[in-house]
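The primary structure of each chain is shown beneath.
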Amino acid sequence: MGSEEGGSSSPLLRRPTLFPRSPQSSLFFCFALLLLLAAAALFLSSLLSSTQDHRPPAARPLAKLSRPVVLLISSDGFRFGYQFKAPTPNIRRLIAGGTEAEEGLIPVFPTATFPNHYSIVTGLYPAHHGIVYNYFVDPVSGDHFTTGSHEPRWWLGEPLWETVAAQGFNSAAYFWPGSEVIKGSWTCPAKFCPKYNGSVPFEERVDTVLGYFDLPKDEMPAFISLYFEDPDSQGHIVGPDHPDITKAVVRIDEMIGRLISGLEKRGIFEDVTIILVGDHGMVGNCGGKQIYLNDLSPWINIPESWVQSYSPLLVIRPPENVSSSDVVAKMNRGLSSGKVNNGKYLRVYLKEDLPDRLHYYASYRISPIVGLVAEGYKVAREMTDTCECGGAHGYDNAFFSMRTIFVAHGPRFERGAKIPSFENVEIYNLVTAILKLQGAPNNGSASFPNSVLLPSY
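Residues numbered from 1 in each chain as written. Predicted model: local features only at pLDDT ≥ 70, side-chain atom pairs only at ≥ 80, totals over all residues. Heavy atoms only, no water.

Student: Would you mind showing me how to read the overall build of the chain here?
Tutor: On a plain count of helices and strands, the chain comes out with eleven helices and 17 strands. Going through the 457 residues of the chain one by one, you find that 51% of them count as buried. Across the chain, every contact between residues at least 6 apart in sequence was considered, and the portion connecting residues at least 24 apart equals 73%. When the accessible surface of the chain is split by element, carbon and sulfur atoms take 55% of a total near 21,600 Å². (Helix = DSSP H or I, 4+ residues; strand = E, 2+ residues; numbered from the N terminus. Buried < 20%, exposed > 50% of the residue type's maximum accessible area, 1.4 Å probe, protein only. Contact = heavy atoms within 4.5 Å. Areas by Shrake-Rupley, 256 points an atom, 1.4 Å probe, with all protein chains shown as cover.)

Student: How should I be thinking about the packing of aromatic side chains in this particular structure?
Tutor: Aromatic rings in a pair are described by how distant their centres are and how their planes are angled relative to each other. Under the criterion given, the structure shown has 18 aromatic pairs. Both rings, one in F422 and one in F448, keep their centres 4.7 Å apart while their planes meet at 45°; by these two values the pair is tilted. Remark: F448 occurs in helix α11 (residues 448-452) and F422 occurs in the loop between β17 (417-419) and α10 (427-435); sequence separation between them is 26 residues. The rings of F114, Y118, F136, F145, W154 and W155 are connected pair by pair, giving a single aromatic cluster. Between the NZ or CZ atom of K289 and the centre of the ring of Y377, over which it lies, the distance is 5.9 Å. (Phe/Tyr/Trp six-rings, centres within 6.5 Å; stacked < 30°, edge-to-face > 60°. Lys NZ or Arg CZ within 6 Å of the ring centre and 35° of its normal.)

Student: Can you help me understand the state of the cysteines in this one?
Tutor: Taken as a whole, this structure holds two disulfides when the rule is applied. Residue pairing for C188: its cysteine sulfur links by disulfide to C193, the two sulfurs lying 1.9 Å apart. Here C188 and C193 share a disulfide; its torsion about the S-S bond, -75°, makes the bridge left-handed. In this structure, C188 and C193 share a single accessibility class: buried. (Disulfide = S-S within 2.5 Å.)

Student: Please explain the side chain of N134 as it appears in this structure.
Tutor: Structurally, the position occupied by N134 is in the loop between α4 (126-129) and β3 (136-137). Among the polar contacts listed, one links the side chain of N134 to the backbone nitrogen of F114, at a separation of 2.9 Å. Other than its neighbours up to four places away in sequence, N134 contacts A112, T113, F114, P115, F145, T146 and T147. (Polar contact = N/O pair within 3.5 Å; in protein donor to acceptor, adjacent residues only side chain to side chain.)

Student: Even after reading the chapter, I still don't get the sheet that holds strand β6 (residues 223-228), so can you show me in this structure?
Tutor: Within a sheet, each strand pairs with its neighbour through backbone hydrogen bonds, oriented either parallel or antiparallel. Taken in spatial order, the seven strands of this open sheet run β5-β6-β1-β7-β16-β2-β17, and their pairing is mixed. Only two strands of the sheet have a single partner each, and these edge strands are β5 (171-174) and β17. Pairwise comparison of adjacent strand axes, ignoring direction, gives a mean angle of 15° for this sheet. Sheet analysis places strand β2 (residues 99-101) next to strand β16 (residues 406-409), joined by two bridges and oriented antiparallel. (Pairing = 2+ DSSP bridges. Axes fitted to C-alpha atoms, helices over the stretch in contact; angles between N-to-C directions.)

Student: Can you walk me through helix α8 (residues 243-265) in this structure?
Tutor: Given 3.6 residues per helical turn, the α-helix brings residues three or four places apart onto the same face. Under the 1.5 Å per step criterion, the end-to-end length of α8 is 33 Å for 23 residues, consistent within 8% with the ideal 33 Å. Those residues of α8 not exposed but buried are I245, A248, V249, I252, D253, M255, I256, G257, L259, I260, G262 and L263. Tucked into the core, α8 has its buried residues touching β1 (70-75), α2 (89-96), α6 (202-212), β6, α7 (232-238) and β7 (273-277). Where α8 ends, the next residue or the one after it, G267, has phi of about 70°, a positive value. (Expected span 1.5 Å × (residues − 1).)

Student: What should I look at first to understand the nonpolar core in this one?
Tutor: What tends to happen in soluble globular proteins is that the nonpolar side chains get buried as a cluster. One finds F223, Y360 and F406 to be the most contacted residues of the largest nonpolar core, which totals 56 residues. At six residues, α10 tops the list of elements feeding residues into this core. In terms of domain composition, this core takes at least three residues from each of domain 1 (69-282 + 398-452) and domain 2 (290-388). If you look at the next biggest cluster of nonpolar residues, it comprises 42 residues, including V69, V200, V209 and L226. (Core = buried A, V, L, I, M, F, W, Y, C linked by side-chain atoms within 4.5 Å. Domains from an automatic or database assignment.)

Student: I'm lost on the sheet that holds strand β11 (residues 313-316) in this one. Help?
Tutor: Ordered in space as β10-β11-β13-β12, the four strands form an open sheet in which the pairing is antiparallel. Two strands lie at the open edges of the sheet, namely β10 (307-309) and β12 (346-350), each paired on one side alone. Going from strand to strand, the sheet's axes swing by 25° on average, the running direction of each strand aside. Two strands pair when backbone bridges link them, and β10 and β11 are joined in this way by two bridges, in the antiparallel orientation. Of the residues in β11, the one forming a bridge with S309 is V315. Its contacts with the sheet put helix α9 (residues 324-335) on β11, β12 and β13 (369-373), and the angle it makes with β12 is roughly 165°.

Student: Hey, could you run me through the pairing of β1 in this one?
Tutor: Regular strands have side chains that alternate between both faces of the sheet. For β1, the tally of buried residues reaches six of six residues, placing the bulk of the element in the interior. By the bridge criterion, five bridges tie β1 to β7 in an arrangement that is parallel. Each bridged residue has a counterpart across the sheet, and for V70 the counterpart in β7 is T273. Direction of pairing for β1 relative to β6: parallel, over a ladder of six bridges. Within the sheet, the bridge partner assigned to I73 lies in β6 and is L226.

Okay, structure coming up:
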């Protein structure tokens, strides 16, 4: 065995040197270090490139138009799912090249035509824009609102055509509910605002709108709204599952195709923002789904003069000397007794007790008593020999059958994108963001446009 005397030590116990001493080893080490640095640089470059590749695509620049133009189209009563009843190649072209609400657009309550069309263009719930139903009575003046009422006092809020006009641009409204009302900066000029005439062919409506794009650029409307009555008019007669609905949907698709073709001929299809919506859906109401108010007579008598609407929205305004709370309590007692035919399919509320999600109480125009009817059921005063069987809307907007479509195509909408369903009060802010205008106060979310529109880098 050796010893460690004299500073000698065993080779096994020597301290290893930090670097090899041979020239060949030093060269090898330097080469390895360079490779390592190169690999790190490549990794960082790849990471940066990957980050840039995953940025949302930017808004596409306008090719021919000098400023954005939005064309808002309503197909009345176009229930979500109707687009699958037929090939609808033109609507599907908009979907493929644009953004779609994957499970449909949610209407406001009540799911009726005038409240929803006005919510779309004001961003307000009916309780705030004043059009609380298609027909109602002002309890203060006693005046009756109808679909032909164009006095400004009924129509609150600021619709898109007024917003656009107030900021120095032209706007056009072809038969959109509320557009004939002269208020603020909007005068409903004959050139851009024809008086409603349901007999005007759809083709003529489309061709008139296309003609707006032939005007000098300083006259061309920045915002255009266009209304079609179908397939709502067929849905009320035959319900949502009839061949006539399929024909009506095909016809709407043909009108979209006519519009696209006209824009393409002008070289501006990719420049114009097209937003296709409906106002509500449709549900069948056949098959013994009636609820009769006279069946409640053992509990309470509801005079005809109290009832402002029977179905699908039951609206009751008792005289001031009658307790609305007492009326509601007695009606619900009878409906839940099991002795009223289909009674369990109607629930009556004081308006302030309605679910908050309906946003249907903050207006003196809303009657104190509102009845929510189950999907597809209807209320009448008494049984008659007449058998009404068709389709209806106006029900709770939570019902999927009340949903409609939202399809948007244009420079600021991502191609082939699907977004979650949303309420139609968001559309006002969406349009003002595209047009780069200052919008009026509304019930939509200020952040919604940024969640849907493509950014500009």
